[in-house]
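Reading the structure
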Amino acid sequence: MVGVALPSIGSELGLSTTSLQWIVNGYVLGYGGLLLLGGRTADLLGRRRVFLIALGVFTVASLVGGLVDDGTLLIATRFIKGLAAAFTAPTAMSILTTTFAEGPARNRALSIFTVFGASGYSSGLILGGLLTSLGWRWTFLVPVPLALGALAAGYALIPRDKRASEGGHDLVGAVTLVGGMLLAVYTVVTAPQRGWLDPVTIGAAVLAVALLIGFVWVESRVPHPLVRLSIFRVGSIVRANASIVALMGSYISFQFMMTLYLQDVLHWSPLRMALALLPAGLLVAFGSPFMGRLIDRYGTSPLIVTAMVSLSSGYLWFLATAGSRPGYLVTVLPAMLLLGGGFAFGFSSIMAQATDGIDDSEQGLASGLVQSSGQVGTALVLAVVTALIASASTAASGDFTPFRPGVNLVTGVAVAGLLLNVVTLLTARRNRRPVAAESAAR
């Protein structure tokens, strides 16, 4: 809904393209900076309690966002919503993964979870188009009663849980992690505007690295670390986190570009633009229910490779057919269908891979880690894409040329994700052959 409303928000509040990215990245800054802390807090303090409190904060911030008339205040409410979502998102995922045992039950639950996410995305596009036609503020106000409904349902349905019986509070680790993550995301999203060699950019980057190094040092020495560093020794978890960067970083940035192009360059109405992008969300909504059974049968790795093939093919098709003015039926629609297929195969599979083999006491950590990777990756790719668009010369009416460097970038990100997973899958299969041959010889 917010993505559809961006051009209208920029027009009414006088925000440039560079400022508009903060409507997205203000949320990403709060979300990506605190996801790991949010997930671990749920593990320690109780998932139900953390979920309900954070959802309440999210509801209030959304209400205020619909009432402000200043761009800076609007971005501030988006930041607060991101902070709240940093606690609700990993907590919701850990409630799911601790309620359903690893295997078919959890895989089915994850696929249903994805259906609801995709349905929200699809309906959000349509509602965003309709509500933006009435006024962009409605895109912030309408979610308020829905969030209140979610609060009531959560209070009634989520089982009560207890604080962790073991595990202390790693305050130093929390401070260094949150400070380092916030500064890292802030550096990434402001560098294109300030300049990568600007003293403020360099200073923030150096301080972020120092804080994160300090965090690693603290975690290796405290008895109850906020993040168990040995979790990064699990190859599948590291790969899942890299894959979510490729999936979300490329797609959210592509949607940002298409939103600006279709509305600002081609002057499409918000509703028409929403309908143009809708097929991807519908494909995810209708395809995700089958993902649980596919994961049970084939495992996560082949499905993630399939997702990355579909995602990369969508961007490559767009680049090959777009020209200076991409047509909808020839270029945009096939690309959106391929991207929707990538999400349908990828999201549930990546989430399952990221949480497989993790003890219930650390499900919040694992969920927060993969979602943090997705958000920070999105911030990084979107920041660079915005810089590429802003630096391009103004083109003639209807010309897509200024956006092409951004599409080149997201294509490279998707292809990198594909190569990582293909190499890993081929290596695993090659390593299994000698073992199988040896077993047969015996």
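Let me begin by describing the structure that accompanies this report.

**Things to note about the overall build of the protein**
Across its full length, the protein holds 16 helices and zero strands. Here the protein has a C-alpha radius of gyration of 22 Å; the compact-globule value for 442 residues is 22 Å, and the two agree. Its C-alpha atoms give the protein principal-axis dimensions of roughly 70 × 50 × 50 Å. Buried residues in the protein amount to 53% of all 442 residues. Across the protein, contacts joining residues at least 24 apart in sequence account for 83% of those joining residues at least 6 apart. Counting only carbon and sulfur atoms, one obtains 68% of the accessible surface of the protein, whose full area is about 18800 Å². A distance of 7 Å separates the average location of the 27 positive side-chain charges in the protein from that of its 18 negative side-chain charges.

**Looking at a nonpolar patch on the surface**
Together, Trp-196, Leu-197, Ile-202, Val-206 and Leu-380 give the surface a local cluster of nonpolar side chains, amounting to about 540 Å² of exposed area. Residue position: Leu-197 is located in the loop between helix H8 (171-194) and helix H9 (199-219).

**Let's talk about the side chain of Thr-300**
Relative to the helices and strands, Thr-300 is located in helix H13 (residues 300-322). The exposure class of Thr-300 is buried, given its relative accessible area of 12%. Leaving out residues up to four positions away in the same chain, Thr-300 has contacts with Ile-295, Ser-349, Ala-352, Gln-353 and Asp-356.

**Concerning the packing of aromatic side chains**
Enumeration over the complete set of coordinates arrives at nine aromatic pairs. Ring geometry for Tyr-251 versus Phe-343: centroids 5.5 Å apart, planes at 75°, classification edge-to-face. One end of the pair, Tyr-251, is in helix H10 (residues 235-265); the other, Phe-343, is in helix H14 (residues 328-355), and 92 residues separate them in sequence. Both residues of the pair, Tyr-251 and Phe-343, belong to the buried class.

**Overview of the environment of Ala-387**
By the secondary structure assignment, Ala-387 is in helix H15 (residues 363-391). Along the sequence, Ala-387 and Thr-190 sit 197 residues apart, while their C-alpha atoms lie 9.8 Å from each other.

**As for the environment of Val-189**
Turning to its location among the elements, Val-189 is positioned in helix H8. Separated by 197 residues in sequence, Val-189 and Thr-386 place their C-alpha atoms 9.3 Å apart. Sequence-distant contacts of Val-189, that is, excluding residues within four places in its chain, are made with Gln-21, Trp-22, Asn-25, Ala-379 and Ala-383.

**Focus: the packing of helix H12 (residues 291-298) against H14**
How two helices sit against one another is set out by the angle between their axes and by the gap between those axes. Between H12 and H14, whose axes approach to 10 Å, the crossing angle comes to 60°. In terms of orientation, H12 and H14 fall into the oblique class. H14 is crossed by H12, and the crossing has right-handed handedness. Together, Met-291, Leu-294 and Ile-295 of H12 and Ala-344, Phe-345, Ser-348, Ser-349 and Ala-352 of H14 make up the contact between the two elements.

**Observations concerning helix H3 (residues 47-65)**
Counting along an α-helix, one turn takes 3.6 residues, and residues three or four places apart therefore face a common direction. Compared with the 27 Å implied by 1.5 Å per residue over 19 residues, the 27 Å span of H3 between its first and last C-alpha is a close match. For H3, every residue scored as buried is listed here: Arg-47, Arg-48, Val-50, Phe-51, Leu-52, Ala-54, Leu-55, Thr-59, Ala-61, Ser-62 and Gly-65.

**Considering H9**
Relative to the 30 Å expected for 21 residues at 1.5 Å per residue, H9 spans 30 Å between its end C-alpha atoms, a close match to the ideal helical length. Sitting at the head of H9, Asp-198 places a side-chain oxygen 2.9 Å from the backbone nitrogen of Val-200.

**Here's the deal with the pattern of salt bridges**
On inspection of all chains with the given rule, the structure shows one salt bridge. The partner of Arg-137 in a salt bridge is Glu-12, and the shortest N-O contact between them spans 3.5 Å. On the criterion of sequence distance, the pair formed by Arg-137 in the loop between helix H5 (104-134) and helix H6 (138-141) and Glu-12 in helix H1 (residues 2-13) is long-range, its members being 125 residues apart. By relative accessible area, which is 22% here, Arg-137 ends up partly exposed.

**Regarding the side chain of Thr-187**
When you line up the elements, Thr-187 lands in helix H8. The contacts of Thr-187, once residues within four sequence positions are left out, are Thr-201, Ala-204 and Ala-205.

**Examining the packing of H1 against H10**
Close contact between H1 and H10 brings their axes to 9 Å; oriented N to C, the two are set at 45°. For the element pair H1 / H10, the angle class is oblique. The hand of the H1/H10 crossing is right-handed. Contacts between H1 and H10 pair Gly-3, Val-4, Leu-6 and Pro-7 from the former with Phe-256, Thr-259, Gln-263 and Asp-264 from the latter. Taken together, the residues of the contact of H1 with H10 break down into four nonpolar, three polar and one charged.

**Considerations on the nonpolar core**
Counting residues in hydrophobic clusters, the biggest one holds 81 residues, and the most contacted among them are Phe-254, Leu-262 and Phe-318. The dominant element in this core, judged by the number of residues it contributes, is H10, at 14 residues. Leu-262 has contacts with His-267, Trp-268, Met-273, Ala-276 and Leu-277, leaving out every residue within four places of it along the chain. Counting residues in hydrophobic clusters, the runner-up holds 26 residues, among them Ala-42, Phe-87, Val-178 and Leu-226.

Calculation rules
- Residues numbered from 1 in each chain as written.
- Predicted model: local features only at pLDDT ≥ 70, side-chain atom pairs only at ≥ 80, totals over all residues.
- Heavy atoms only, no water.
- Helix = DSSP H or I, 4+ residues; strand = E, 2+ residues; numbered from the N terminus.
- Rg over C-alpha atoms; globule rule 2.2 N^0.38 Å.
- Buried < 20%, exposed > 50% of the residue type's maximum accessible area, 1.4 Å probe, protein only.
- Contact = heavy atoms within 4.5 Å.
- Areas by Shrake-Rupley, 256 points an atom, 1.4 Å probe, with all protein chains shown as cover.
- Lys, Arg positive; Asp, Glu negative; His and termini not counted.
- Charge placed at Lys NZ, Arg CZ, Asp CG, Glu CD.
- Patch = residues over 30% accessible without salt bridge, like charges linked within 9 Å, V, L, I, M, F, W, Y side chains within 5 Å.
- Salt bridge = Lys/Arg side-chain N within 4 Å of Asp/Glu carboxyl O.
- Phe/Tyr/Trp six-rings, centres within 6.5 Å; stacked < 30°, edge-to-face > 60°.
- Axes fitted to C-alpha atoms, helices over the stretch in contact; angles between N-to-C directions.
- Parallel < 35°, antiparallel > 145°, perpendicular 65-115°, else oblique.
- Left-handed = near helix turned anticlockwise from the far one by under 90°.
- Expected span 1.5 Å × (residues − 1).
- Polar contact = N/O pair within 3.5 Å; in protein donor to acceptor, adjacent residues only side chain to side chain.
- Nonpolar A, V, L, I, M, F, W, Y, C, P; charged D, E, K, R; others polar.
- Core = buried A, V, L, I, M, F, W, Y, C linked by side-chain atoms within 4.5 Å.

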